[in-house]
Amino acid sequence: MMRAVRVNRATEPAYAGAGTFEKVPLALSRDDIAGADVAILGAPMDDMVSNRPGARFGPRAIRCAYEGEGDPRRWHLDLGVDPFAELRIVDAGDAEVVPGDAIRSHGAIEALVAEVVGAGAVPVVLGGDHSIALPDIRATLAAHRHGSVVVVQFDSHADTATDIGGVTHSHGSPFRHLVDRGHLPGDRLIQVGLRGYWPFPAELDWARGAGVRWHRMEEVRRRGLDAVLTTVLEEADGADALYLSVDVDVLDPAFAPGTGTPCSGGMTTYELLHALRTLVLAMPLAGLEVVEVSPPYDHAGITALAAHDAVLEVLSAEALRRSGRDPDPQDPD
Ligand SMILES: [Mn+2]
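(A) Quick look at the overall build of the protein. The helix and strand inventory of the protein stands at 11 helices and 8 strands. Relative to a compact globule of 333 residues, whose C-alpha radius of gyration would be 20 Å, the protein shows 18 Å and is just as compact. Relative to its full complement of 333 residues, the protein shows a buried share of 56%. Only carbon and sulfur atoms are counted for the fraction: they give 52% of the accessible area of the protein, which is about 13,400 Å². Side-chain charges of the protein comprise 29 positive and 49 negative groups, with the mean position of each set lying 2 Å from the other.

Okay, here's the thing in structure tokens:
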């Protein structure tokens, strides 16, 4: 029985009152989360970035980057669905991170994600730097049969370094550790949007040997996004569920300047939304993380808005997929 606490008054606007994701109910214990389909949680840490910090402020900015009033209500014009009407969505608050102690913060994030999946809800994790992928994906995978979840990582960087300058745990290493430590089979990791000047050949050799598949941004431009997504779904064949790891720097800096390691030549926001929708409509969702939103480097909140809308897109597609209905755009004939 869900006992989540309502946080808004009936006509309270978006900019007023408590800051849960779109004012969904607050659920701070496992008993309160029980019965929810989806639980949103924050991982507000940026101790492991290699360049510009600020992603610790990401969860709050992503949660509040919306308009509207009163109880959460959204109508996805292309899918014809209201995710808040179809799914029981709660906000489980933030992990109890410890500023300056990234390892303890990782432990807190892993514990909260474990609590969410233990309560039977799909975790939606708002980062935070990308190092959180290690604890939060590990906690999610632990609730599924080994190798049954495919992770699709949207990112300009592979994040597969053994270490960066001798530092073993950073936002440049989580996917290397997930694979090398046996949590995620290499052939259950698919990367989309890589570009720029990293990873180096040694890391690409490792990825090839581990069975990791990747699709550079150049391939997305050359073959087209839909063709690449078709390939991604073929590569995911045999998996029971999908985990989406969205590093907002997969977007071009023109669309997402507020991030720690921006990289030119990336996706438009529309392309990311379309890709997320396509994948979630095709496969059950095991979890989602949206990371590396750094509000101090943002302009007019556009990066936080893109991250927020990525979450909303995934929720909408998951709602429609679970309903078994076809999209219903309700256009005039
Ligand atoms: Mn990343």
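(B) Just the pattern of salt bridges, in detail. If you walk through the whole model with that rule in mind, you get 21 salt bridges. The partner of Asp205 in a salt bridge is Arg208, and the shortest N-O contact between them spans 3.1 Å. Here the residue Asp205 and the residue Arg208 both occupy positions in helix H7 (residues 201–210), the gap between them amounting to 3 residues, near one helical turn. Judged by relative accessible area, Asp205 falls into the partly exposed class, the value being 48%. In the salt-bridge network here, residues are joined through shared partners; they are Asp37, Arg88, Glu318, Arg321 and Arg322.

(C) Structural view of the side chain of Ser105. Structurally, the position occupied by Ser105 is in helix H4 (residues 102–118). Look at Ser105 and you get buried, because its relative accessible area is 1%.

(D) Structural detail: the pairing of strand E2 (residues 89–94). Of all the 6 residues making up E2, 5 are buried; the element is thus mostly covered by neighbouring parts of the structure. Here strand E1 (residues 38–43) runs beside E2; their pairing, made up of 4 bridges, is parallel. Opposite Ile40, over in E2, you have Asp91 as the bridge partner.

(E) Inspection of unusual backbone geometry at higher detail. The amide bond that connects Gly127 to the next residue, Gly128, takes the cis arrangement and shows omega of 15 degrees. Within the secondary structure, Gly128 is located in the loop between strand E3 (122–127) and helix H5 (133–141). Here the bond from Trp198 into Pro199 is cis, since omega is 10 degrees, no more than 30 degrees from zero. Its location among the elements puts Pro199 in the loop between strand E5 (189–194) and H7. We note that Glu22 has phi near 50 degrees; this positive angle belongs to a residue other than glycine. Among the secondary structure elements, Glu22 is positioned in the segment before helix H1 (30–33). A relative accessible area of 2% places Glu22 in the buried class. Here Ala300, not a glycine, exhibits a phi torsion of approximately 55 degrees, which is positive. Here Ala300 is to be found in the loop between strand E8 (285–291) and helix H11 (302–323).

(F) The arrangement of the packing of aromatic side chains in detail. Within the structure shown, the criterion is met by 0 aromatic pairs. The ring of Tyr297 has Arg52 lying over it, and the distance from NZ or CZ to the ring centre is 4.0 Å.

(G) Focus on the coordination of the manganese ion. Those protein atoms acting as donors to the manganese ion are His130 (ND1), Asp155 (OD), Asp159 (OD) and Asp247 (OD), and they sit at 2.1 to 2.3 Å. Taken in sequence order, the residues that donate to the manganese ion follow the motif H-x24-D-x3-D-x87-D.

(H) Main features of helix H9 (residues 225–235). Taken as a whole, H9 has its buried residues at Leu225, Val228, Leu229, Thr231, Val232 and Glu235. Across the axial projection of H9, the buried residues extend over an arc of 160 degrees, all falling on one side. Where H9 is buried, its residues meet strand E4 (149–154), E5, strand E6 (213–216), helix H8 (217–223) and helix H10 (269–282).

(I) Representation of the packing of H4 against H5 within the structure. Relative to each other, H4 and H5 sit at 30 degrees, their axes nearing to 8 Å. With respect to each other, H4 and H5 are oriented roughly parallel. H5 is crossed by H4, and the crossing has right-handed handedness. Contact residues: His106, Ile109, Glu110, Val113, Ala114 and Val117 in H4; Pro135, Asp136, Arg138, Ala139 and Thr140 in H5. Split into classes, the residues belonging to the contact of H4 with H5 amount to 6 nonpolar, 2 polar and 3 charged.

The rules behind these values
Residues numbered from 1 in each chain as written. Predicted model: local features only at pLDDT ≥ 70, side-chain atom pairs only at ≥ 80, totals over all residues. Heavy atoms only, no water. Helix = DSSP H or I, 4+ residues; strand = E, 2+ residues; numbered from the N terminus. Rg over C-alpha atoms; globule rule 2.2 N^0.38 Å. Buried < 20%, exposed > 50% of the residue type's maximum accessible area, 1.4 Å probe, protein only. Areas by Shrake-Rupley, 256 points an atom, 1.4 Å probe, with all protein chains shown as cover. Lys, Arg positive; Asp, Glu negative; His and termini not counted. Charge placed at Lys NZ, Arg CZ, Asp CG, Glu CD. Salt bridge = Lys/Arg side-chain N within 4 Å of Asp/Glu carboxyl O. Pairing = 2+ DSSP bridges. Phe/Tyr/Trp six-rings, centres within 6.5 Å; stacked < 30°, edge-to-face > 60°. Lys NZ or Arg CZ within 6 Å of the ring centre and 35° of its normal. Donors = N, O, S within 2.8 Å, 3.2 Å for Na, K, Ca; no water. Arc of directions from axis to C-beta. Contact = heavy atoms within 4.5 Å. Axes fitted to C-alpha atoms, helices over the stretch in contact; angles between N-to-C directions. Parallel < 35°, antiparallel > 145°, perpendicular 65-115°, else oblique. Left-handed = near helix turned anticlockwise from the far one by under 90°. Nonpolar A, V, L, I, M, F, W, Y, C, P; charged D, E, K, R; others polar.

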